[in-house]
Amino acid sequence: MKNKSPFDGSFPGALQGPGDETPSYLKLRGVIENLSRNPGADTVHYARTRGDQISLAQGEGDTPTPAFIADAAVKALSEGKTCYGPVLGSDDLRQEISSYYARIYGHQIPTNRIFVTASGTMAMHLAITALLEEDDEVVAITPIWRNLLGAVEIARGRIREVPLDEENGLWSLDLDRVFAAVNSRTKLILLTSPSNPSGWVMPESQMQALLDFARMRGLWIISDEVYGRLLYDRVRAPSFLDVAQPEDRLFIINSFSKNWAMTGWRLGWLTGPAAAEGAIRDIALYNMMCPPAFPQYGAIAALRHGEPFIREQLEMWQKNIDILMEYYARCPRIVAARPRATFYSLFRVEGEPDCLALTRRLIDEGGLTLAPGCSFGKVTTGYIRLCFAVSESRLRQAMERLVGVLGQ
Ligand SMILES: Cc1ncc(COP(=O)(O)O)c(C=O)c1O
């Protein structure tokens, strides 16, 4: 049995990559053999075979890391900071993250609650590995960043999706649906806010209500807050840190990737209860040994001097949002709201219920690669995600291609 869709057991028209059939003598663990395909990755793979493409399918901007960050890492590299370091990151970086929390979030988070990881993705794996037993259920608020679902599968957990509601492109959560999805096998609630892909931002009142419920039922919460600084009307999004106590059953995933254009650096952090520090250190030791040494110096510079860069990026993307809306207005079949957080626009096209067929058509006929919504959960099977964190000219070119295929 090969990799099937997480959503309905089949994946009509899935964009297949090479090496899909493992010979039986190379059989791997069952859970790996049956791992759900990632339709977003399949789409990118397919597009690579199709020549001239503009890709807005990726989850990153096209600005390189600013020089003040790169220089700090280069200096450390040239000074020979190239050895193994502490498993959960250098004391200096943990302290700098703590200061950042105090400055931007107004919370005192001691360093024994801050675990530096080789990427936000790694932070996610550490938290999920620490918590899940085989067949534990995970309530995931979807649409959600696909990797979170993949990590649960690898950890042999079972995913129960609770979909957000969408009206005129705006997303909202009915918390009662989350409460109703929890049963005696549920171990944790998984969410991303601000959300990749929908841009939904969980209000603080809902965070409080969800935390109260989780406390009552003995559940963990994993909140992915990687996009917590990418808002167009506020300095930061609400965080579970605003409502939680230090010893709550809570992990928060964070990353240097998006705020400071550092996706290739592979650095992130996990915030959790101090009592989990030893366990997370043990898993991290076996998993990554330690985060990379000299990039941590760049990360310190990012936290210390990186606020103007975040503001500049947001100003640039705000202009891109205007361009996006201008093109959407030319194509009345597109249903989308003005993005208020992240650098994604999640839209649907009336009369186009199959996101895989549409993404394939955009690739084949328009030379435009976008991410199919089914990557992010059942609820977004009819949606497409576009990343607008690119130069204005590239965005305009891409939008011309989109409108060209969809018609005005
Ligand atoms: C919600 C979310 N969390 C985490 C990550 C990954 O972060 P990192 O690059 O640090 O692995 C992404 C990347 O797209 C993301 O969208």
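This text follows the structure it describes.
So, a few notes on the structure that sits alongside this text.

Definitions and limits used
- Residues numbered from 1 in each chain as written.
- Predicted model: local features only at pLDDT ≥ 70, side-chain atom pairs only at ≥ 80, totals over all residues.
- Heavy atoms only, no water.
- Phe/Tyr/Trp six-rings, centres within 6.5 Å; stacked < 30°, edge-to-face > 60°.
- Helix = DSSP H or I, 4+ residues; strand = E, 2+ residues; numbered from the N terminus.
- Buried < 20%, exposed > 50% of the residue type's maximum accessible area, 1.4 Å probe, protein only.
- Lys NZ or Arg CZ within 6 Å of the ring centre and 35° of its normal.
- Polar contact = N/O pair within 3.5 Å; in protein donor to acceptor, adjacent residues only side chain to side chain.
- Near = heavy atom within 4 Å.
- Areas by Shrake-Rupley, 256 points an atom, 1.4 Å probe, with all protein chains shown as cover.
- 1 Å grid on protein atoms, 1.4 Å probe; cavity = no way out; pocket = protein on both sides within 12 Å on 5 of 7 lines; lining within 4 Å.
- Sits in = over half its atoms within 2 Å of the grid points.
- Nonpolar A, V, L, I, M, F, W, Y, C, P; charged D, E, K, R; others polar.
- Patch = residues over 30% accessible without salt bridge, like charges linked within 9 Å, V, L, I, M, F, W, Y side chains within 5 Å.
- Salt bridge = Lys/Arg side-chain N within 4 Å of Asp/Glu carboxyl O.
- Pairing = 2+ DSSP bridges.
- Axes fitted to C-alpha atoms, helices over the stretch in contact; angles between N-to-C directions.
- Core = buried A, V, L, I, M, F, W, Y, C linked by side-chain atoms within 4.5 Å.
- Domains from an automatic or database assignment.
- Contact = heavy atoms within 4.5 Å.

## As for the packing of aromatic side chains
Thought 1: A full pass over the atoms with the stated rule returns 16 aromatic pairs.
Thought 2: Ring centres of Tyr328 and Phe347 lie 5.5 Å apart, and the angle between their planes is 55°; this geometry places the pair in the tilted category. Of this pair, Tyr328 sits in helix H11 (residues 307-330) while Phe347 is found in strand E12 (residues 344-349), placing the two residues 19 residues apart along the sequence.
Thought 3: Residue classification places Tyr328 among the buried residues on the basis of a relative accessible area of 5%.
Thought 4: Judged by its relative accessible area of 0%, Phe347 falls in the buried class.
Thought 5: Members of the aromatic cluster, joined through ring pairs, are Tyr100, Tyr101, Tyr105, Phe256, Trp260 and Trp269.
Thought 6: One cation-aromatic arrangement involves Arg360 over Tyr46; the distance from NZ or CZ to the ring centre is 5.1 Å.

## Remarks on the side chain of Arg236
Thought 1: Examined against the element boundaries, Arg236 turns out to sit in the loop between strand E8 (220-224) and strand E9 (250-255).
Thought 2: Residue classification places Arg236 among the buried positions, given a relative accessible area of 19%.
Thought 3: A distance of 3.0 Å separates polar atoms of two side chains, one belonging to Arg236 and the other to Asp242.

## Overview of the site of the ligand
Thought 1: By nearness alone, 13 residues border the ligand, and Gly120, Thr121, Asp224, Ser255 and Lys258 come closest of all.
Thought 2: Contact between the ligand and Gly120: an oxygen atom at 2.6 Å from a main-chain N or O atom of the residue.
Thought 3: The side chain of Asn196 places a nitrogen or oxygen atom 2.7 Å from an oxygen atom of the ligand.
Thought 4: Bound to the protein, the ligand loses 94% of the 390 Å² it would expose on its own.
Thought 5: Here the ligand occupies the largest pocket.
Thought 6: When the residues that make up the shell around the ligand are grouped by side-chain class, the tally is three nonpolar, seven polar and three charged.

## Some details on a nonpolar patch on the surface
Thought 1: On the surface, Tyr84, Leu285, Tyr286 and Met289 cluster together into a nonpolar patch covering about 520 Å² of accessible area.
Thought 2: One can find Tyr286 in helix H9 (residues 277-287).

## Remarks on the sheet that holds strand E14 (residues 371-372)
Thought 1: Pairing is antiparallel in the open sheet, where four strands are placed in the order E11-E12-E15-E14. Edge positions in the sheet fall to strand E11 (334-335) and E14, since each of these pairs with one other strand and no more.
Thought 2: When E11 meets E12, the two strands line up antiparallel, connected through two bridges. When the bridges of E12 are listed, Val335 appears paired with Arg348.

## Overview of the pattern of salt bridges
Thought 1: All told, the structure shown has 28 salt bridges when counted by the stated rule.
Thought 2: Between Arg177 and Asp165 there is a salt bridge; the shortest N-O distance is 2.8 Å. Taken together, the residues Arg177 in helix H7 (residues 175-181) and Asp165 in strand E5 (residues 165-167) connect sequence positions twelve residues apart.
Thought 3: Given the relative accessible area of 36%, Arg177 is considered partly exposed.
Thought 4: Look at Asp165 and you get partly exposed, because its relative accessible area is 30%.
Thought 5: Salt-bridge contacts for Asp242 lead to Arg236; the nearest nitrogen and oxygen are separated by 3.0 Å.

## Some thoughts on the sheet that holds E9
Thought 1: With mixed pairing, seven strands are arranged side by side in an open sheet as E2-E10-E9-E8-E7-E3-E4. Edge positions in the sheet fall to strand E2 (114-117) and strand E4 (158-163), since each has one partner strand and no second. Adjacent strand axes in the sheet meet at a mean angle of 20°, parallel and antiparallel pairs treated alike.
Thought 2: Pairing geometry for strand E7 (residues 186-192) and E8, over five bridges, is parallel. Within E8, the residue paired with Ile189 across the bridge is Ile221.

## Let's talk about the nonpolar core
Thought 1: Counting residues in each nonpolar core, the largest one holds 123 residues, and the members touching the most others are Phe240, Phe251, Phe256, Trp260, Phe343 and Leu402.
Thought 2: Counting residues per element, this core draws most heavily on H11, at nine residues.
Thought 3: No fewer than three residues from each of domain 1 (24-64 + 309-406) and domain 2 (67-305) sit in this core.
Thought 4: Apart from the residues lying within four places of it in its own chain, the contact partners of Phe343 are Gly59, Glu60, Gly61, Tyr227, Leu230, Tyr232, Lys258, Trp317, Leu386, Cys387, Phe388 and Ala389.

Structural measurements only, silent on function.
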